[in-house]
Amino acid sequence: MRFVAYDWDIISAQRTPEEAYYRLLGEMLHRHGTPTDLQRVREFLSNARLGDEVWLSLGEGLFSTTGGASVGYRMWTAWSRCILGSEFDEAHQLEAWRQFQSGSSDALEVSSDAYVDAPRDTTLEDDRTQVTGSTVRLARTAQNAASAISLIPAGEHTIRLFDEVFEGVDEFAVQTLLESGVFFQLEVLFGVRWLPVTEHPGFTLLVARLRDEAIALLATTERVRPEVTQPGKR
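Let me begin by describing the structure that accompanies this report. These numbers come from a predicted model, not from an experiment.

Observations concerning the sheet that holds strand E2 (residues 164-170)
Piece 1. The antiparallel open sheet is built from 4 strands, whose spatial order is E2-E1-E3-E4. For this open sheet the edge positions go to E2 and strand E4 (193-196), each flanked by a neighbour on one side alone. Between one strand and the next, the sheet's axes are offset by a mean angle of 35°, whatever the strand orientation.
Piece 2. Direction of pairing for strand E1 (residues 156-161) relative to strand E3 (residues 187-190): antiparallel, over a ladder of 2 bridges. Pairing of Ile159 across the sheet is with Val188, part of E3.
Piece 3. Strands E1 and E2 of the sheet are contacted by helix H9 (residues 171-180), whose axis makes an angle of about 120° with E2.

Set out below in structure tokens:
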């Protein structure tokens with residue numbers, strides 16, 4: 001896939017932030033931007049004071065220009081948290097992104113490593129390390145896509161499953177494996193070592209959340225022990 005830089009001269013020439021945004025949206029929908037473009041998009045979103053009415057169109061634009069790579073979702077989520085505040089709903093956010101994905105034939109053509117050199121803007125950085133809320137069901141994290149994707153380390157992973165190695169696995173693919181029930185059979189490449197996913201530092205928080213949910217459920221469940229019969233007795 002060919003990356004073509006945006007025409008920032010035309011974007012900057014627009015009279016209002018809203019007009020500049022819609023010109024930028026046209027670039028996002030029709031070009032696969034460069035890492036430098038993504039950095040300039042971050043800066044634009046930080047400074048333009050756009051309202052929440054552009055929420056869906058921005059997500060679609062970022063999905064299109066990154067080819068569905070996770071970097072686009074993270075940028076959209078970071079902006080959404082800033083602009084929506086307490087009204088931000090990650091489950092709704094993730095569902096909308098998946099709707100973009102279901103209608104795109106390009107979603108698997110670009111991986112997020114195409115953008116690893118893009119500078120990071122901490123003003124719109126998505127904090128993916130803290131998740132709040134009570135847990136009431138076993139494996140709620142595994143069943144709740146929004147909760148799980150918030151805990152899975154962002155970026156690409158090299159994993160091994162049943163002696164087969166897969167490279168470039170992003171957090172969305174790991175989410176799918178978690179939902180399918182094979183998550184704990186994965187090994188993750190950490191430096192030069194293969195580690196069970198339960199021992200990998202990057203997945204510690206997710207594993208701890210799953211453990212706590214299991215313990216919370218089992219604590220309210222009556223334990224039934226099988227009756228023990230001594231040898232030779234019936």
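Remarks on the packing of aromatic side chains
Piece 1. Per the stated rule, a full pass over the model turns up 12 aromatic pairs.
Piece 2. Relative to Phe100, the ring of Phe63 lies with its centre 6.1 Å away and its plane at 55°, an arrangement referred to as tilted. Taken together, the residues Phe63 in helix H4 (residues 55-66) and Phe100 in helix H6 (residues 90-102) connect sequence positions 37 residues apart. Residues Phe63 and Phe100 agree in their burial class; the two are buried.

What counts and how
Residues numbered from 1 in each chain as written. Predicted model: local features only at pLDDT ≥ 70, side-chain atom pairs only at ≥ 80, totals over all residues. Heavy atoms only, no water. Pairing = 2+ DSSP bridges. Helix = DSSP H or I, 4+ residues; strand = E, 2+ residues; numbered from the N terminus. Axes fitted to C-alpha atoms, helices over the stretch in contact; angles between N-to-C directions. Contact = heavy atoms within 4.5 Å. Phe/Tyr/Trp six-rings, centres within 6.5 Å; stacked < 30°, edge-to-face > 60°. Buried < 20%, exposed > 50% of the residue type's maximum accessible area, 1.4 Å probe, protein only.

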